Every structure is written in C-alpha cells, then in structure tokens.
Amino acid sequence: MITHRHSRNLSFDLDEAPLASGEVAIVGAGPGDPGLLTLRALSLLQQADCLVFDRLVSQEVLAMASASARRYYVGKASRCHALTQDETNALLVRLAGEGKRVLRLKGGDPYIFGRGGEEAEYLIEHGVGFRVVPGITSASGCSTYSGFPLTHRDFAQSVTFVTGHCKADGALDLNWAALAVPNHTAVFYMGLANAELISRELQRHGLPATHPVALVERGTTPEQRHVLATLGDVVEVIEREGFQPPTLIVVGEVVRLSDTLAPAMTRMTRRDADADTGAESDSADTAVAMGRMAL
C-alpha cells in the first residue's frame, strides 16, 4: 500500500485580488474545527496586517495568520464585552485609515447572527472598502458533528435559524406559531438564557412536551458534547448537565437520527490513520496539528 504524505503548506490559486492596504475583509472562521476554514479565508489570514477577532475563533485558526500580524480581541459574551459594537466598528475604521490590511474574523458565518451586516454598513458610511467571506455556520457544523442532518425528506422539509438572544437583552418576541410546526427544524443560537421561554412558547403554540431537542455545546471542537432532550425536560437537562455558552438548541425530529448516524460515523484523527497504515509520524507535529483550544 502506498501512503501519500502531503505537505502541511497548502498551495492553491484563487481568482481574487490580494487584500489591499486600507481594506477590511469580514471573514467567517467556521464553527471551531480549523479544518472547516475555507481556502479563501486562509488566504486572507496569511495576507492580513492585523486581526480583529471574536471569542469563538480558535487558537489554531489564529495561528494560521502571519506571526507579525497585530491581534485585537473584541470578543463578546452576555453582559461582558471586551469592546462594545460601536468601539469595534470604530477600530475597524481606524486600522483601515492607517493603511492596514484588516481581517475581521468571526466564528461561524459573519452574516448569520455575526453582526457582519452592521459592520459592513458602518464601513460603507465611512468610505472603507471591504469584502465578505462566508463561513460554515454553527448550525451546520454542530448538527453534522453530532450525527444528525438539519433537513431530511422524512422528518424535516424546512429549517429556520433563530436568534435566542435579542439586542440589549430585550424581550425575545418571535413568531412562535411559525416555529411550532411539524416536519420542521428550528435552530436557536445563543438561546440558553431563554431556554425556558423557548420551551414554554413552542409547547403553547402546539408542539408536544415529548418533541425532541438536541443541545450541542462547543460544537466541532474537542470539547463538544451533545445531549438529546425534549421540550418538556430541556430546562432541567441544561441545569443538570451544566451546559454553558456556546450551546445550540436544535428542535425537531431530525435530532433523533443521531442515535443511528453518530455511532456509524468514522472518527479518525491523522494519528490514528498513520498508525493503521504503519506510516511514521512526528508525534510533536501531530500534537500541534490536532490540538485545539477554544477561547
């Protein structure tokens, strides 16, 4: 058997102009696993003079940037912001005004609950050139790594991504009737604090207490864990299991497929593959390649 060993330095050609001085690239870093980063995102990471990054961007993704790139942490958690959104907007404009090639790096996809649209509007208002690179959103990454699809011809013909947390901690006023329908999947981002409200309103609008729910914490990272619950007991499960942000709440019959699909999925690290083929492996390099840390 021939074992193919590929260089860790990827070489590829993209039909895209280089990041210009004074330009901002708003880039999705994906849900956590650095292997889910797009080639375009990697290219821009390697060009940037400075990184403005969020809390959920992994250390391994940051390590792909130039060692000389300045790093600015602007992470946000509930009621705990390194910088306010207004301050982050102003920072992007200031760095671009200094002629820097700026990478605004966001977990998941910047246009799906990532405030990327707000930042793009601000850049336009201040005459700053920008580009946007999509990333794999948490809903897709977390569900896939947990072993269930978001849609399935037998169980869910539609899917909705829902914010579980409103601006300035306002009331979560959603179209609950549109979410509480059969053959549908609803994915709640940032919903832990409102889990009781989500459970109550979905039941009040017609879903049974036995309707299945998946909780996925730190999806696609080595710290991922997911638990199946129901609308009736999801709050109890969250409290008993000590779930913490970032956790997705996925409501729908599709989550039950994880009992079938997850055990059958191949989960092999590079080290496992090398052992199976008898190839030599540099344990130090492999440890660096496979080790991941969530901020």
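Residues numbered from 1 in each chain as written. Predicted model: local features only at pLDDT ≥ 70, side-chain atom pairs only at ≥ 80, totals over all residues. Heavy atoms only, no water.

A.B. asks: Explain the packing of aromatic side chains to me, please; I cannot follow it from the model alone.
C.D. replies: What describes a pair of aromatic rings is the distance from one ring centre to the other and the angle between the planes of the rings. Tallied over the entire structure, the rule returns four aromatic pairs. Aromatic pair Phe53 and Tyr73: ring centres 5.6 Å apart, planes at 50°, arrangement tilted. In this pair, Phe53 sits in strand β2 (residues 50-53) while Tyr73 sits in strand β3 (residues 70-73), placing the two residues 20 residues apart along the sequence. Here a set of aromatic residues connected by ring pairs shows up, and it is made of Phe113, Phe161 and Tyr189. (Phe/Tyr/Trp six-rings, centres within 6.5 Å; stacked < 30°, edge-to-face > 60°. Helix = DSSP H or I, 4+ residues; strand = E, 2+ residues; numbered from the N terminus.)

A.B. asks: Looking at this structure, how should I read the sheet that holds β2?
C.D. replies: Sheets are built from strands that pair by backbone hydrogen bonding, the pairs being arranged parallel or antiparallel. Pairing is parallel in the open sheet, where five strands are placed in the order β3-β2-β6-β1-β7. If you trace the sheet from one side to the other, it starts and ends with β3 and β7 (130-133), each paired once. Ignoring which end each strand starts from, the neighbouring axes of this sheet average 20° apart. Summarising the sheet, strand β1 (residues 24-28) and β7 pair through four bridges and their orientation is parallel. The residue bridging Val24 from the neighbouring strand is Phe130, located in β7. (Pairing = 2+ DSSP bridges. Axes fitted to C-alpha atoms, helices over the stretch in contact; angles between N-to-C directions.)

A.B. asks: Explain the sheet that holds strand β9 (residues 184-189) here, please?
C.D. replies: The strand order across the open sheet formed by five strands is β8-β9-β12-β10-β11, and the pairing between neighbours is mixed. If you trace the sheet from one side to the other, it starts and ends with β8 (158-163) and β11 (225-230), each paired once. The mean inter-strand angle of the sheet, taken between neighbouring strand axes irrespective of direction, is 20°. Strand direction decides the pairing type here: strand β10 (residues 212-217) and strand β12 (residues 247-251), joined by five bridges, are antiparallel. The residue bridging Glu217 from the neighbouring strand is Thr247, located in β12. Packed on one face of the sheet, helix α8 (residues 234-241) meets β10 and β11 and runs near 150° to β11. (Contact = heavy atoms within 4.5 Å.)

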